Amino acid sequence: HFRLGSLLGLTVAIGLVPGSLASKTSAQGSITDDKSLLWGTYRPNLYFGLRPRLPQSLMSGLMWFGTQDYHGFQKIRHDCTQGDELDKYTWTEHDMRQGGVQVIKDGKNNVNIKIEWLKVPGGDHGGSWAARIHGTPIVPAKPLRVSLIYYFGLEGLGSLDWKSDENDDGITGPIHLSGSSPDLGEFTIRIEDDINNRSPMYGGHSEDFKVRLGKTHYFGHAMPSGDVWKAKEYLYQHIGYRAQEIVMPYKGEQIMPDPSFTLTMGNVIAKDSNFYAIQKTYEGPFILDVVFDSKSAGTAITGDMISRGVEKFVTDYDAKFQSLFPTRHDAPKGELAFSKAITSNLMGGIGYFYGSSIVDRAYKAEWDMDEEEEEEDDRTPAKPDPKLQPPTELLTATPSRSFFPRGFYWDEGFHLLLIGAWDNDLSLEILKDWVNLIDEDGWVGREQILGDEARSKVPAEFQAQYPSNANPPTLTMAVTAFIERLLARQQPSDAELGMGDAQKVFTKLGNDSYGFSKQANRHLEDNDAAISYLRSIYPPLRRHYDWFRSTQRGQIKAYGRKARSRTEAYRWRGRSKDHVLTSGMDDYPRGQPHAGELHLDLISWMGFFTRTMKSIASFLGEEKDEKYFQDIETNILNNIEDLHWSEEKQMYCDLNISDEGKRICACLLPSSSPHLGPVLDLLRDPNHLWSPYGLRSLSAAHELFGKGENYWRGPIWIQMNYLALSSLYKVYAAEPGPYQEQARKIYEELRHNVIHNVFKEYERTGYVWEQYNAMTGEGARSHPFTGWTSLVTLIISEKY
Ligand code: 6A9
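Just so we're clear, the structure is a prediction, and the values are computed from it rather than from any experiment.

The next subject is helix α16 (residues 676–683). Counting buried positions along α16 yields six of eight residues, so the element is predominantly enclosed. Tucked inside the fold, the buried residues of α16 contact β25 (651–652), α17 (718–732) and α18 (740–765).

For the rest of this paragraph, the subject is the nonpolar core. Counting residues in hydrophobic clusters, the biggest one holds 182 residues, and the most contacted among them are Leu 58, Trp 129, Phe 152, Ile 350 and Leu 534. When residues in this core are grouped by element, the largest group, 11 residues, is from helix α14 (residues 600–619). Ile 350 has contacts with Thr 41, Tyr 42, Pro 44, Met 96, Leu 395, Thr 396, Ala 397, Ile 419, Leu 426 and Ile 430, leaving out every residue within four places of it along the chain.

What follows is about the site of the ligand. Around the ligand, a shell composed of 16 residues is seen, among which Trp 410, Asp 411, Gly 584, Asp 586 and Trp 712 lie nearest. The contact in question runs from an oxygen atom of the ligand to an N or O atom on the backbone of Gly 584, over 2.6 Å. The contact in question runs from an oxygen atom of the ligand to an N or O atom on the side chain of Trp 712, over 2.8 Å. Coverage of the ligand by the protein amounts to 83% of the 560 Å² it exposes when considered alone.

Another aspect to go through is the pattern of salt bridges. Scanning the model with the defined rule gives 44 salt bridges in all. A salt bridge links Glu 741 to Arg 744; the shortest N-O distance between them is 3.5 Å. In this pair, Glu 741 and Arg 744 are both assigned in helix α18, three residues apart and thus about one turn of the helix distant. Taking relative accessible area as the criterion, Arg 744 reaches 40% and is therefore assigned partly exposed. Taken together, the shared-partner salt bridges in this structure form one network comprising Arg 328, Glu 748, Arg 751 and Glu 798.

So, on to the packing of aromatic side chains. Applying the stated criterion across every chain yields a total of 50 aromatic pairs. With 6.1 Å between their ring centres and 80 degrees between their planes, Trp 717 and Trp 788 make a pair best called edge-to-face. Here Trp 717, found in the loop between α16 and α17, pairs with Trp 788, found in the loop between β27 (779–780) and α19 (792–796); they are 71 residues apart in sequence, far enough to count as distant. Here Trp 717 and Trp 788 have matching classes, each one buried. The structure contains a cluster of three or more aromatic residues connected by ring pairs, namely Phe 403, Phe 404, Phe 408, Trp 410, Phe 414, Trp 605, Phe 608, Tyr 711, Trp 712, Trp 717, Phe 785 and Trp 788. When the ring centre of Tyr 762 is taken as origin, the NZ or CZ atom of Lys 88, which lies over that ring, is 4.2 Å away. Its end group placed over the ring of Trp 422, Lys 320 keeps NZ or CZ at 4.0 Å from the ring centre.

Quick look at the confidence of the model for the protein chain now. Summing up the model confidence of the protein chain, the mean pLDDT is 89 and the portion of residues at 70 or higher is 88%. Segment residues 492–514: pLDDT under 50, and 38 contacts once partners within four positions in sequence are set aside and those in other chains are kept. Considering only residues more than four positions removed or in separate chains, one finds that residues 659–665, a stretch of pLDDT under 50, has 35 contacts. Predicted complex, confidence summary: ipTM 0.97, pTM 0.92.

This part takes up the environment of Asp 272. Mapped onto the elements, Asp 272 comes out in the loop between β15 (268–269) and β16 (275–283). Residue classification places Asp 272 among the exposed positions, given a relative accessible area of 61%. Considered as a pair, Asp 272 and Gly 220 are 52 residues apart in the sequence and their alpha carbons are 8.9 Å apart.

This part is about the sheet that holds β16. Spatial strand order, β1-β2-β3-β8-β16-β14-β15: seven strands in an open sheet with mixed pairing. Across the chains shown, the open sheet's two edge strands, defined by having one partner strand only, are β1 (39–40) and β15. By the bridge criterion, nine bridges tie strand β8 (residues 145–154) to β16 in an arrangement that is antiparallel. By the bridge assignment, Tyr 150 is partnered in β16 with Ile 278. Sitting on the sheet, helix α2 (residues 231–247) touches β3 (58–66), β8, β14 (216–221), β15 and β16, and the angle it makes with β16 is about 60 degrees.

Quick look at the packing of α17 against α18 now. Closest axis-to-axis distance for the α17/α18 pair is 9 Å, and the angle between their directions is 150 degrees. Relative to α18, the element α17 lies roughly antiparallel. The crossing of α17 and α18 is left-handed. The residues of α18 that touch α17, namely those facing Ile 718, Asn 721, Ala 724, Leu 725, Leu 728, Tyr 729 and Tyr 732, are Gln 740, Ala 743, Ile 746, Tyr 747, Leu 750, Arg 751, Val 754 and Val 758. Partitioned by chemical class, the residues of the contact of α17 with α18 number 12 nonpolar, two polar and one charged.

Strand order in this open sheet of eight strands is β4-β5-β6-β7-β17-β11-β10-β9, and the pairing throughout is antiparallel. At either end of the open sheet lies a strand with only one pairing partner, and these are β4 (88–95) and β9 (159–162). Each neighbouring strand pair of the sheet contributes to a mean axis angle of 10 degrees, computed without reference to strand direction. Direction of pairing for β9 relative to strand β10 (residues 175–181): antiparallel, over a ladder of four bridges. Bridged to Ser 159 within β10 is Ser 180.

Counting buried positions along strand β6 (residues 111–120) gives eight out of 10 residues, so the element sits mostly inside the fold. With eight bridges joining them, strand β5 (residues 99–106) and β6 adopt antiparallel strand pairing. By the bridge assignment for β6, Lys 105 is matched with Asn 112. The hairpin turn running from β5 into β6, its antiparallel successor, is four residues long, and Asn 110 in that turn takes a positive phi close to 50 degrees. Pairing between β6 and strand β7 (residues 128–137): 10 bridges, direction antiparallel. Pairing of Ile 113 across the sheet is with Gly 135, part of β7.

Quick notes on the rules
- Residues numbered from 1 in each chain as written.
- Predicted model: local features only at pLDDT ≥ 70, side-chain atom pairs only at ≥ 80, totals over all residues.
- Heavy atoms only, no water.
- Buried < 20%, exposed > 50% of the residue type's maximum accessible area, 1.4 Å probe, protein only.
- Helix = DSSP H or I, 4+ residues; strand = E, 2+ residues; numbered from the N terminus.
- Contact = heavy atoms within 4.5 Å.
- Core = buried A, V, L, I, M, F, W, Y, C linked by side-chain atoms within 4.5 Å.
- Near = heavy atom within 4 Å.
- Polar contact = N/O pair within 3.5 Å; in protein donor to acceptor, adjacent residues only side chain to side chain.
- Areas by Shrake-Rupley, 256 points an atom, 1.4 Å probe, with all protein chains shown as cover.
- Salt bridge = Lys/Arg side-chain N within 4 Å of Asp/Glu carboxyl O.
- Phe/Tyr/Trp six-rings, centres within 6.5 Å; stacked < 30°, edge-to-face > 60°.
- Lys NZ or Arg CZ within 6 Å of the ring centre and 35° of its normal.
- pLDDT = per-residue confidence, 0-100.
- Pairing = 2+ DSSP bridges.
- Axes fitted to C-alpha atoms, helices over the stretch in contact; angles between N-to-C directions.
- Parallel < 35°, antiparallel > 145°, perpendicular 65-115°, else oblique.
- Left-handed = near helix turned anticlockwise from the far one by under 90°.
- Nonpolar A, V, L, I, M, F, W, Y, C, P; charged D, E, K, R; others polar.

See the structure below:
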C-alpha cells in the first residue's frame, strides 16, 4: 500500500545565498511591461488561435473542413476535440516570444496542415506577427479539397474595417483589414494566397459547364462583445443557411451541387462589423499567409521575411534546445524531435484567460464542519450556494488542449519547472498571475475556470470552487527553481546546471534581429529585478502558507502516539466518500471520511512547502522568518516519523481512527534514514509499484488495484515519476550512504523505463497521454495531454 508521493519533498536542496545578493533591493521588479509576451498562441483550446494577453482585444483563429462531401462540414475543425479524430497535432517548435511551428495531420480530410507562426518585434504595441499555413495531401493520389477559414474579431474598444478590393470577378488580390485599439495602436492585416493555390472546378449539375470557383468568400458581422469565441457557431449557421438556399432549386434532381460551391460564405459585410471571417476553398496543395502589422513597428512583413524568419527561428530553436536539454549520446533516433515536441506542446498549451469563476462559500461536507460549526447546527446540512465572482485574469499553461484547456493549481507547479528552464521570465509572469489569485484569506481555487468559453468545457457539477479546499502546494517549486537558476548564474563555472551553455545561446539570440528573446532572461541578468520580484510575491505566498497550515490542520489528540510536535498534523478538507480530489489523487484509496483522519501526503507536502518558504526567506535575508520555517520543518519531519511510520508494516501511512491498521507510505527521508531501505525495496518490487513503464500509482497487490474508476488506482502518472526520479537523482543516488548504490540503479532503470514508454506511445499513437496503463504501458485517458507529461524532457536531460 505504498504511496508514490513518498519521495516528494526531497527535491529542494538550496544552499545559502551570497549576502550581497540578498541585501540589495530595488523598485524595478515589474515585469508586466514586457511587450514581448503581449501576443501569443494564448487560445490553446483551438488548433490555432492568437490573442494578446489583454481582457478584451483582437481575437483570431483558424478553422477548416473537407469539401469532398457534405459530411466534412458537420465537423468543422476549430476547438481541439478528441471527437475530431485528428491523427496528430503537435507543435514541433514553440517559443512564446518568437514563434512556432505546428503540424496537424487530418487523415479524414486527407490533409497535412503545417502552421508557421512568427513574431516580429518593433514599435510600442507588442510588435507584428505572421502565420503561414501550408496544406498538402497526405495521400497524393487522393484529392485534397478543403475550405479554410481565418477570422478576426475585435472585442472592447477600437475599430476594425474591411479594406479589400473587389471587382466583378469577386476578390482577386489579398484581403486587407485595418484597425486600431488603445492597447494595440494602429494595425493592418493582410491575408494572401500563394500564386499556385487553386480553387476547385465546379461542374454544377451539368458537365458542359465548368468554371473555376472564386477562392475567396467572406463574412463581416457586428458581433456582441464576448461572443467571438463562438465564431464557429456563427459561421456554421451562416454557411448552413446559405447552403440550404443554394441547394433548394436542385431538390429532386439526381446531382446535387458540389459542396465546395454551396458551403461558402455570402460575401456580405454588415454595418459596424467587428468580426471578419475569410474563407478560402482549395483543391490541391496551398499556402496562405496571414499577416498582422503593427503600425508603430514601422515595417511591413513580406512573404520573403516570413520564409527567412521561420528558417532562422527553427535553427536558433534547435541550437538553444540542444544546449539546454541535451539527449544522451546513445539516445534512440527521434528522441530529440520527441523531446522538442513535448516541450513545444507545453509552451503552445499556455493560454490567457479572463472572466468570472464560480465559488461556493457555503457548502461543506459533515466531516469538514469544525466543532463550533457543528454546534451551531444551522449550517447542517450545508446547502450548495455557487456564486459568480468578479472577473480575474490568468496566464497559465494547461494540462490538455482538448480536454482540460484551463489552469489547474498543482499541475502548474510542474509546468513551470520546464517552462522556467526554457524561458525564466515567462515562468515568472505565469507565477505572478497565479500569486495574484491568492485571496485575502490566502486561498486559491484548485481549478481556474475563467469566463464562458472556459466554462463551456466543464460539466456544471464540476464548476464551483470551494474556499475550504486545497490542492498540493506546488507553486513554490517554481520559486525555488528560479532561485536555483539565480544561484547558478553566480557560479558560471557550474556548467552542469546548464546555465553556462544556455547563457551563450541567449546572448547569441539576443544579438539577432529577434530582439524579443532577450526578455527571457531579464530577471536572471538583473539581480535587483530578481530580488524585487521575489519581495513582491513573498507576502502573498506567506498568506497562502498560513492559510494551508490553519485550514488543513488535523487532530493529533485522538491518537495514543507520542508525537514530538502537538501542532503539525494535516488532513485534506473537501473529500467525499470515494474521492479526495483536493489531494490531486482523486480516487486513490483512503480510509473512511472522518474528522480524525491524518493524511501522509498532505503533511509531506506541508514539509515541502515549509522548506521552500524557508529557502525563499533565506534568500531574501528574512532571518526571523527563516528560523520560523526551520522550526516548523523540524516539527513536521519529526511528526512524519512519530505519527506516520509503521514499524510493523515498515512503511509510512495515513492514519484513520476507524481503520488504524491500513497504512500508506510517504516521506521526506534523509539519505541516512534506516527507513530508506524498506521504501526503496517496495518501490522496486514488481508486485507493488514497479513496472517496466514507470512507477504505478497504487500497489498491484492492493485489493482496489485497477478497480472502479481506476484513475489513481494503478495507472502511471509522469509527474509522480518525475518526483521520484528527482529525489533519487538529487539525494539518494548522490549522497553517500548504505542505499546509495541501490538508489543509483533504481534511478537509471526508472529513467529509462519512463522515457522509453512515453516515447514509444507517442510514436505509436501520435500523442502524449494523461496516464499510462499499469500493466501494458499503453497511453490512456485524455490526449494530447501536454501538461506534466512533458516533464519527460527534464528527465531526458536530467534537469531536476
Ligand atoms: C472534469 C470533465 C470534458 C485530474 O490535470 C488536471 C487534473 C489533475 O490536477 C488531477 O491530479 N486532472 C487529476 O487527478 C484532470 C481533472 C479534470 C476535472 C474536470 C470535467 C471535462 O469533460
